[in-house]
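Commentary on secondary and tertiary structure
Next come the chains, spelled out residue by residue.
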Amino acid sequence: MDREYIRGAGIHAAGTIAMVNKTGTWRLTDPVVDQFKCIGCKICSQFCPDDCIVRLVVDKSAPAGTPRITIDMEYCKGCGICAQECPKTAIEMVQC
Amino acid sequence: MKMFLSGNQCIAQGAKLSRVEVVAAYPITPATPASEDLHEMVGRGELDAEVVNTESELGAMGVCVGAAAAGCRTFSCTCSQGLALMREMLWAASGMALPVVLAIDSREIGIPQGLLSDYSDCLSERDASILQFMCEDGQEIIDSLIMAYRIGEHEKVLLPSFVVSEGHRVSHSFETVDVPEQEDVDKFLPKYQPKHVFVDPDYPMSMGTGVMPQYPSFKMQQYRAMQDAKTVIKEVCDEFADAFGRRYGLVEAYRTEDAEMVMVGMGSVVSILREKVDEYREKGLKVGMLKLRVFRPFPEEEVREALSGAKKVLVFDRACSPGNEYGISCIEIRSALRRSQALISNIMISGRDVSSEDVDALYDKWAEADDEYVEWFKADFDPRAVSMCGFDNFEKLVKGETVERDVVQEGEACLSKGIMSCSGCVSLGAIRMVLDVFGKKAIVVNNAGCLSAVGAFYPMTGWNVPFYFFSYSNAGAAASGIEVAMKRKGIDGDLILVAGDGAIFDIGLQTYSAALERGHRIICLCYDNEGYMNTGVQCSGSTPHGARTKTTLEGRRGRAKNMEQIVAAHGDVYIATASVAYPDDLLKKVRKAKSFDKPSFLHVICPCPPGWEYDPALGIEIARLGVESGATPLYEYEDGKVTLTKVPKVKKPLAEYLRKQGRFSHLTDDDIAEMQAEVDRKLERLTAGNL
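Given the structure is predicted, the values throughout are model-derived calculations rather than measurements.

Structural notes on the overall build of chain B
- If you tally the helices and strands in chain B, you get 25 helices and 25 strands.
- Over its C-alpha atoms chain B spans a radius of gyration of 28 Å, differing by no more than 12% from the 26 Å that the globule rule assigns to 691 residues.
- Projected onto its principal axes, the C-alpha coordinates of chain B cover approximately 85 × 75 × 55 Å.
- Within chain B, contacts between residues at least 6 apart in sequence are counted, and of these 75% link residues at least 24 apart.

As structure tokens, then:
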């Protein structure tokens, strides 16, 4: 079926806000991950309100210090919830 | 006394100086700071008034009408959607001859949700027999408020008033104003002692009754009161000038005596027009300006007189009347000048700011034109609206490239990154968590609140799933409509009503209740941050006892509504409370709700960093403490029975939860002990299986 913008202030697009609002610019403190301490549990990524933490698929036999998470600094607002909730204190908030 | 005040602060000063007795207001941007100021004034003992926090604007106007019918001087402030929601009670106020005064921070009426100021809100009430004073600046707001009570309470008038200023443009601009002394105001505006409305068991009176053929007679009385108001306004303005040295009238005719071309405007645009008139006059151009200070009653005679010599008139309109060629004030001007030969042109400025250069450009065209015309100012169709159609790559679109629109993939987040919520907003986290259970099948309906402000803003949207915002009060009904239509059209999806606590507990309760009663399959996610946080932290029906907000400065008295009990009273509804700190428990409940073919109510408590006053990093910890202390217990309610889903092994003291939040910092240990006892009682009740 044809979809077309005619009138009515509807935004005929999806997810475009991410292309413009780089909320990472708001950050006052940066999350810094100690990859040696990080065990790759899902806690930080689950609690990040801005969907900025991705767990990487890492083989169990990977050497110590292999990154297990990445933080999307383009959008991270630096709230510090991840650092607060990390059971291994693997994330530190550093003044930026 | 000279003070440096914002427009909203002027509103509060004007109401205070008028010694209002009852204030009722509901949070709405940009008018909220005015009522917050009044709360503070009452708190400091500067104003002896009852301030009522209501559940909606309709409720606010209802309280004002009730209090005015009982003989009190009453006040409210609102704008836009709020004024639209008040509508029925506005007509009640004028019909009952109640001189309620409303300060209106004019704002564009949705949809789309405008934030700037046009006059579509107040001028839509043109025919409600309400006096309308259109203020240019803060000084005029204070003076007009004081005069509005004098005029409205005059026995020949007895009508409600709007004191209109422009939202954001004036309400949030600071300027030096001369605030009259209270004793001078008291002399000018005596205590309100109405003869026609009162509560008196010895002299019972029935108000608001039905009438049959007499309706036109009553309407004619309002019509005459409006006509008489013109004389009263002039008298009161003269008295005001004698008392305070500032002269106002129905209109301000500025250098119109010999003017061949006259610009006409209302509100703040007049300031720039006045300056431009001086500039044009220096160049020898015969230009003048007419400010319409009073829109209702419309000063026909004064307008006719001021424009008697004009060959060309240009009316600046902040509101249009679709279906009529002209803007609303231009319609009135044309009516007043119906026998004049003047060429009357009209420029629709709507909510736009008008600069000096803009006026020059408008003037040049107007001066050259040899006929009348109507034009919209800077309102060309936004090409982005068209180019967004069918595409979703903003950056490429801005460059003018064409992109095939991608279909949102399975497993993609319902809400994109880049959402403009505060740092550490766990409400956003909760919404993401819940919606992602539904994925592409989610269809989201949203009441006004933080989410509607941060999730999408034209021409950008954060939504990867269908998203609908209708209004604050009506999401329950509108969601019902979508559910019915989805069934009819065979659309497979899960309808989720995402609403804050204000939206469900207060303003939207009526339509949500009806939706529950009808049994639509709507999964309601109530993200509860225990207050009106989007408008800057005011008390809602969910604000807990003792919590400080800007409208409960000494801590909330009374109790939060037990929403679960209310929802349960509707019959077969799946009810669950959840917390962002316990995602597994939350997701289990969401999946359960998804599996049911009946309404569900998911109540998720979400700490709010600015509203609860804590370090944003502590959001999850505070939410967890809420559960561990029993302040926000997690449970399900099915088949008439409560089942606690998370019982802390060791219950933490409530103080640990409360002391982490600034909003409870004023509480004494005794206060907390009392609250602890209440929490214990509630837990006992829940443990026994009762809501």
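That shown, we press on.
Examining the overall build of chain A
- Each helix and strand in chain A was counted, giving three helices and four strands.
- In sequence order, the secondary structure elements of chain A are arranged as α-β-α-β-β-α-β.
- Here the C-alpha radius of gyration of chain A, 18 Å, is well above what a compact globule of 96 residues would show, namely 12 Å.
- Its C-alpha atoms give chain A principal-axis dimensions of about 55 × 30 × 15 Å.
- The buried share of chain A, taken over its 96 residues, is 38%.
- The contacts of chain A with a sequence gap of at least 6 include a subset with a gap of at least 24, amounting to 73%.

Notes on the sheet that holds strand β2 (residues 22-25) of chain B
Residue and element names in this part refer to chain B.
- The strand order across the open sheet formed by seven strands is β3-β2-β4-β5-β7-β6-β12, and the pairing between neighbours is mixed. Edge strands, defined here as strands with exactly one partner in the open sheet, are β3 (50-53) and β12 (294-296). The average angle at which neighbouring strand axes cross in this sheet is 20°, direction not considered.
- By the bridge criterion, six bridges tie strand β5 (residues 101-106) to strand β7 (residues 161-166) in an arrangement that is parallel.

So, the sheet that holds strand β21 (residues 523-528) of chain B
Residues and elements named next belong to chain B.
- Spatially, the eight strands line up as an open sheet ordered β19-β16-β20-β21-β23-β22-β24-β25, and their pairing is mixed. Among the strands making up the open sheet, the edge pair consists of β19 (467-469) and β25 (641-646). Between one strand and the next, the sheet's axes are offset by a mean angle of 20°, whatever the strand orientation.
- Judged from the five bridges that link them, strand β24 (residues 634-638) and β25 form a sheet pairing that is antiparallel. Looking across to β25, one finds that Tyr-637 is bridged to Val-642.
- Sheet strands in contact with helix α23 (residues 619-628) are β22 (574-579), β23 (600-605), β24 and β25, and its direction is about 125° off that of β22.

Notes on the interface of chain A and chain B
- With 34 residues of chain A at the interface, the matching set in chain B holds 40 residues.
- For the side of chain A that touches chain B, the elements supplying multiple residues, two or more each, are α1 (17-20), α2 (43-47) and α3 (81-85) of chain A.
- Residues that form the side of chain A that touches chain B fall into these classes: 17 nonpolar, nine polar and eight charged.

Examining helix α3 (residues 57-69) of chain B
Residues and elements named next belong to chain B.
- The terminal C-alpha atoms of α3 lie 18 Å apart, and with 13 residues this matches the ideal 18 Å at 1.5 Å per residue to within 8%.
- Of all 13 residues making up α3, eleven are buried, and the element is well covered by its neighbours.
- If you check which residues of α3 are buried, you get Glu-57, Leu-58, Gly-59, Ala-60, Met-61, Val-63, Cys-64, Val-65, Ala-67, Ala-68 and Ala-69.
- Close packing links the buried residues of α3 with β2, β3, β4 (74-78) and α4 (80-95).
- Gly-71, located one to two residues past α3, shows a positive phi value of around 100°.

Details of the packing of helix α6 (residues 138-152) of chain B against helix α8 (residues 215-244) of chain B
Residues and elements named next belong to chain B.
- It is the contact of α6 with α8, at a shortest axis distance of 10 Å, that shows an interaxial angle of 130°. The orientation of α6 relative to α8 falls into the category oblique. When the axes of α6 and α8 are compared, the crossing they make is right-handed. Between α6 and α8, the residues in contact are Asp-143, Met-147, Arg-150 and Ile-151 and Ala-229, Val-232, Ile-233, Val-236, Cys-237 and Phe-240, respectively.
- Looking at the contact of α6 with α8, its residues break down into eight nonpolar, no polar and two charged.

Considerations on the confidence of the model for chain A
- Scored by pLDDT, chain A comes out at a mean of 91, with 95% of its residues at no less than 70.
- Taken element by element, chain A is modelled with least confidence in α1(A), mean pLDDT 84, and with most confidence in α3(A), mean pLDDT 98.

Observations regarding the packing of helix α15 (residues 426-438) of chain B against helix α21 (residues 583-595) of chain B
All names here are of chain B.
- In contact at an axis separation of 10 Å, α15 and α21 are set at 40° when each is read in the N-to-C sense. By the angle class used here, α15 and α21 are oblique. For the element pair α15 and α21, the recorded crossing hand is right-handed. On α21, the residues that touch Met-433, Val-434, Val-437 and Phe-438 of α15 are Pro-583, Leu-586, Leu-587, Val-590, Arg-591 and Lys-594.
- Along the lines of polarity and charge, the residues of the contact of α15 with α21 split into eight nonpolar, no polar and two charged.

A few points about unusual backbone geometry
Residue and element names in this part refer to chain B.
- In this model, Gly-110 is joined to Ile-111 through a cis peptide bond whose omega is 5°.
- Mapped onto the secondary structure, Ile-111 falls in the loop between β5 and α5 (120-123).
- Omega for the peptide link from Arg-296 to Pro-297 comes to 0°, which places this bond in the cis form.
- Mapped onto the fold, Pro-297 is located in the loop between β12 and α10 (300-306).
- Residue Val-537 is not a glycine yet carries a positive backbone phi of 75°.
- Assignment of secondary structure puts Val-537 in the loop between β21 and α20 (563-568).
- Judged by local crowding, Val-537 falls into the buried class, with 27 C-beta atoms found within 10 Å.

Comments concerning the environment of Ala229(B)
All names here are of chain B.
- By the secondary structure assignment, Ala-229 is in helix α8.
- C-alpha separation for the pair Ala-229 and His-154, spaced 75 residues apart in sequence, amounts to 8.6 Å.
- Excluding anything up to four places from it in sequence, Ala-229 contacts Leu-131, Ile-151, Val-157, Leu-159 and Pro-297.

Focus: the environment of Gly619(B)
- With respect to the secondary-structure elements, Gly619(B) resides in helix α23.
- Judged by the 30 C-beta atoms lying within 10 Å of it, Gly619(B) is buried.
- Put simply, Gly619(B) and Cys606(B) are 13 residues apart on the chain and 8.0 Å apart in space, counted from C-alpha to C-alpha.
- Apart from residues no more than four positions distant in its own chain, Gly619(B) is found in contact with Ile81(A), Gly424(B), Val426(B), Pro607(B) and Pro609(B).

A closer look at α15(B)
Residues and elements named next belong to chain B.
- The terminal C-alpha atoms of α15, which comprises 13 residues, lie 19 Å apart, in line with the 18 Å expected from a rise of 1.5 Å per residue.
- Regarding α15, the residues found buried are Val-426, Ser-427, Leu-428, Gly-429, Ala-430, Ile-431, Met-433, Val-434, Leu-435, Val-437 and Phe-438.
- With its phi angle positive at about 55°, Gly-439 sits one or two positions after the end of α15.

Some points on the pairing of strand β6 (residues 131-134) of chain B
Residues and elements named next belong to chain B.
- Here β6 shows two buried faces, one formed by Leu-131 and Phe-133 and the other by Gln-132 and Met-134.
- Here β6 pairs with β7 via four bridges, running parallel. Across the sheet, Met-134 pairs through a bridge with Val-164, a residue of β7.
- Considered for its hand, the β-α-β crossover made up of β6, α6 and β7 is right-handed.

Focus: the pairing of β4(B)
Residues and elements named next belong to chain B.
- The buried fraction of β4 is high, at five of five residues.
- By the alternation rule, side chains of β4 split into Thr-74, Ser-76 and Thr-78 and Phe-75 and Cys-77, which are all buried.
- The sheet contact formed by β2 and β4 spans two bridges and is parallel. Within β4, the residue paired with Val-23 across the bridge is Phe-75.
- With α4 bridging β4 and its parallel neighbour β5, the resulting β-α-β unit is right-handed.

Re the environment of Ser473(B)
All names here are of chain B.
- Take Ser-473: it is sitting in the loop between β19 and α17 (475-489).
- Among the residues examined, Ser-473 registers 25 C-beta atoms within 10 Å and is labelled buried.
- Each C-alpha atom, one on Ser-473 and one on Gly-662, is 30 Å from the other, the two residues being 189 residues apart in sequence.
- The residues touching Ser-473, leaving out its near neighbours within four places in the chain, are Ser-56, Leu-85, Ile-507, Gly-508 and Thr-511.

Definitions and cut-offs
Residues numbered from 1 in each chain as written. Chains lettered and ligands numbered in written order. Predicted model: local features only at pLDDT ≥ 70, side-chain atom pairs only at ≥ 80, totals over all residues. Helix = DSSP H or I, 4+ residues; strand = E, 2+ residues; numbered from the N terminus. Rg over C-alpha atoms; globule rule 2.2 N^0.38 Å. Contact = placed C-beta atoms within 7 Å. Buried ≥ 20, exposed ≤ 12 C-beta atoms within 10 Å, placed from the backbone. Pairing = 2+ DSSP bridges. Axes fitted to C-alpha atoms, helices over the stretch in contact; angles between N-to-C directions. Nonpolar A, V, L, I, M, F, W, Y, C, P; charged D, E, K, R; others polar. Expected span 1.5 Å × (residues − 1). Parallel < 35°, antiparallel > 145°, perpendicular 65-115°, else oblique. Left-handed = near helix turned anticlockwise from the far one by under 90°. pLDDT = per-residue confidence, 0-100. Right-handed = clockwise from strand over helix to strand, strands pointing away.

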